[in-house]
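Structure at a glance
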Amino acid sequence: MGKALRLEDKVAIVTGSGAGIGKVIAQVFAKEGAKVVGASRRAVNGQPVIDAIVADGGEGIFIQCDVSVESDVRNMIAKTIETYGRIDVLVNNAGVNFMKNFEDVEPEDWDRVVNVDLRGTYLCSRYATLEMLKMGSGSVVNISTVHVHACLPTAGPYDAAKWGIVGLTKSLAVEFASRNIRFNVVSPGTIATQILDDVIAAAPSADDVLNWLNSNIPMERPGTCEEVANACVFLASDDASYITGANLYVDGGMTSLLLSKQRFELGALEGKER
Ligand SMILES: NC(=O)c1ccc[n+]([C@@H]2O[C@H](COP(=O)([O-])OP(=O)(O)OC[C@H]3O[C@@H](n4cnc5c(N)ncnc54)[C@H](O)[C@@H]3O)[C@@H](O)[C@H]2O)c1
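Read on for an overview of the structure. Quick caveat, the model's predicted, so the values are computed rather than measured. (Residues numbered from 1 in each chain as written. Predicted model: local features only at pLDDT ≥ 70, side-chain atom pairs only at ≥ 80, totals over all residues. Heavy atoms only, no water.)

**Re the overall build of the chain**
Short version of the rule: Secondary structure counts use DSSP, requiring at least four H or I residues in a row for a helix and at least two E residues in a row for a strand, with both numbered from the N terminus. Radius of gyration: C-alpha atoms only; globule rule: 2.2 Å multiplied by the number of residues to the exponent 0.38. Buried means the residue's accessible area, taken with a 1.4 Å probe over protein chains only, is under 20% of the maximum for its type, while exposed means over 50%, and partly exposed covers the values in between. By definition, residues are in contact when any of their heavy atoms lie within 4.5 Å. Computed with the Shrake-Rupley method and a 1.4 Å probe, the accessible areas treat only the protein chains shown as cover for residues. His residues and chain termini do not enter the charge count, which takes Lys and Arg as positive and Asp and Glu as negative. To locate a charge, the coordinates of NZ of Lys, CZ of Arg, CG of Asp or CD of Glu are taken.
For the chain, the count of helices and strands is nine helices and seven strands. For the chain, the C-alpha radius of gyration of 19 Å lies close to 19 Å, the compact-globule estimate for 274 residues. Across the 274 residues that make up the chain, the buried fraction comes to 46%. Once local pairs closer than 6 in sequence are excluded, the contacts in the chain between residues at least 24 apart make up 72%. For the chain, the computed accessible surface area is about 14000 Å², with 53% contributed by carbon and sulfur atoms. Distance between charge centroids for the chain: 5 Å, based on 25 positive and 34 negative side chains.

Laid out in structure tokens, this is it:
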């Protein structure tokens, strides 16, 4: 007997599905039996992802949508209902970031990040929830980051938006618990995406960067997009029926580490009784 599909017949919207983690969430959700609505800002990325899912025997549609624009979000929800008649799952994955000294963060920089990462999560959650309420069930998974455990310098707007996502998620979790709509967070650590490849390629020594990154991860490697997607499948599925308001770190132990492992390799704390 084949393995039961964990998202069989569920209609799942995945935002930012054109690249990186969102692309793999869309692919893994389709393999788990979901009808995937891939929503992304640019069709040139987003459409081929859905075309490949359909060519592979899965089901899905692409809808062009900037999650920070209310009319785009309303159109995405309306097209999903028109096509599939329901929304079971929403994954708020679309996100942008930049690293900039706070003195140089202009109001328009702030607005760009907060509008996509936080307002986008609010808008998609609001309009999807209105449909989920009609069905009496639903599951929303919001993608945050390990920055909600401890922050990096020069990422103020991103970190503010991602902490905001956790607050919004927990508030909605308690507001909708009795109405059978669950809200949870997945917080990835360092994940192997094109962006990480670009950072490593641009560094004077790729090995040094990778060794430094890995020294901050107990599992000594970046995570894969599949590993993030698997956590999303779990929280989206009925296997997580009693879980709401949770923040699940997918980080190879990063947020449990106090000091970089390199310190110990340097022998700084060796042999000292404390
Ligand atoms: N890559 C990592 O290591 C990492 C770590 C922690 C958290 N995250 C989070 O995971 C999510 C995905 O990150 P990624 O690395 O895959 O990013 P990415 O840049 O590779 O992909 C993001 C996708 O979102 C889309 N997008 C951007 N703005 C949009 C908008 N306004 N409306 C709709 N779609 C939009 C992009 O077109 C792209 O397809 C983000 O929320 C990010 O903050 C990533």
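**A short note on the pairing of strand β3 (residues 59-64)**
Operational definition: Strands are labelled as partners when DSSP assigns at least two bridges between them. Crossover handedness is defined here as right-handed if the route from the first strand over the helix to the second strand goes clockwise, with the strands pointing away from the viewer.
Where strand β2 (residues 35-40) lies against β3, six bridges are found, and the strand directions are parallel. Within β3, the residue paired with Lys35 across the bridge is Glu59. Handedness of the crossover is the feature at issue here: the chain leaves β2, passes through helix α2 (residues 43-55), returns alongside β3, and the resulting connection is right-handed.

**Regarding unusual backbone geometry**
The phi torsion of most residues other than glycine is negative, and most of the peptide bonds are trans. Phi at Asp9 is positive, roughly 65°, even though this residue is not glycine. Along the chain, Asp9 falls in the segment before β1 (11-15). In this structure, Thr154 takes a positive phi of about 65° despite not being glycine.

**Some details on the pattern of salt bridges**
Operational definition: Here a salt bridge means any side-chain nitrogen of Lys or Arg lying within 4 Å of a carboxyl oxygen belonging to Asp or Glu.
On inspection of all chains with the given rule, the structure shows eight salt bridges. One salt bridge connects Asp9 with Lys35, and the closest N-O pair in it is separated by 3.9 Å. Placement of the pair is Asp9 in the segment before β1 and Lys35 in strand β2, with a sequence separation of 26 residues. As a salt-bridge pair, Arg74 and Glu70 come within 3.7 Å of each other at their nearest N and O atoms. Linking Arg74 with Glu70, this pair stays in helix α3 (residues 70-84), spanning four residues, or about one helical turn.

**Topic: the packing of aromatic side chains**
Our working definition: Ring geometry is summarised as follows: Phe, Tyr and Trp rings, the Trp one being its six-membered ring, pair when their centres sit within 6.5 Å, and such pairs are stacked at plane angles under 30 degrees, edge-to-face over 60 and tilted between the two. Put simply, a charge is over a ring when the Lys NZ or the Arg CZ is close to the ring centre, within 6 Å, and near the line of the ring normal, within 35 degrees.
A full pass over the atoms with the stated rule returns one aromatic pair. Ring centres of Phe176 and Phe183 lie 5.7 Å apart, and the angle between their planes is 40°; this geometry places the pair in the tilted category. Looking at Lys100, its charged tip hangs above the ring of Phe98, at a distance of 5.6 Å from the centre.

**Topic: the site of the ligand**
To keep things clear, this is the line we draw: Distances are taken per atom, and a residue is near a molecule or strand as soon as one of its heavy atoms is within 4 Å of it. Distance and chemistry together define a polar contact, namely a pair of N or O atoms within 3.5 Å, with one atom able to donate a hydrogen and the other to accept it when in protein, and with adjacent residues in sequence counting only for side-chain atoms on both sides.
Around the ligand lies a shell of 25 residues, among which Ile21, Asp66, Asn93, Tyr158 and Lys162 are the nearest. At 3.4 Å, a backbone N or O of Arg41 approaches a nitrogen atom of the ligand. Burial of the ligand by the surrounding chains reaches 88%, relative to a free accessible area of 830 Å². Among the secondary structure elements, those contributing two or more residues to the shell around the ligand are α1 (20-31) and α5 (156-176).

**With respect to the pairing of β2**
In terms of burial, β2 is a largely internal element, six of the six residues being buried. Of the two faces of β2, the one lined by Lys35, Val37 and Ala39 and the one lined by Val36, Gly38 and Ser40 are each fully buried. Two elements, β1 and β2, share five bridges in a ladder whose sense is parallel. Residue Ile13 lies in a different strand from β2, and its bridge partner there is Val37. Assessed by its sense of winding, the connection that carries the chain from β1 through α1 to β2 is right-handed.

**Quick look at the packing of helix α4 (residues 107-135) against α5**
Each pair of packed helices can be summarised by the angle the axes make with each other and by the distance between the axes. Note the threshold: Axis definition: a line fitted to C-alpha atoms, over the contacting stretch in the case of helices. Angles run 0 to 180 degrees between N-to-C directions. Every angle not falling under 35 degrees, over 145, or within 65 to 115 is termed oblique; those three ranges are roughly parallel, roughly antiparallel and roughly perpendicular. Throughout, a crossing is termed right-handed when the near helix is turned clockwise from the far one, and left-handed when it is turned anticlockwise from it by less than a right angle. As a working rule, the residues Ala, Val, Leu, Ile, Met, Phe, Trp, Tyr, Cys and Pro are called nonpolar, Asp, Glu, Lys and Arg charged, and the rest polar, with Gly in that last group.
Contact geometry for α4 and α5: axes closest at 8 Å, N-to-C directions at 15°. With respect to their mutual orientation, α4 and α5 come out roughly parallel. With respect to the hand of their crossing, α4 and α5 are arranged in right-handed fashion. Residues Trp110, Val113, Val114, Asp117, Leu118, Thr121, Tyr122, Ser125, Thr129 and Leu133 of α4 lie in contact with α5, whose contacting residues are Pro157, Tyr158, Ala160, Ala161, Lys162, Gly164, Ile165, Leu168, Leu172 and Phe176. Looking at side-chain class alone, the contact of α4 with α5 contains 14 nonpolar, four polar and two charged residues.

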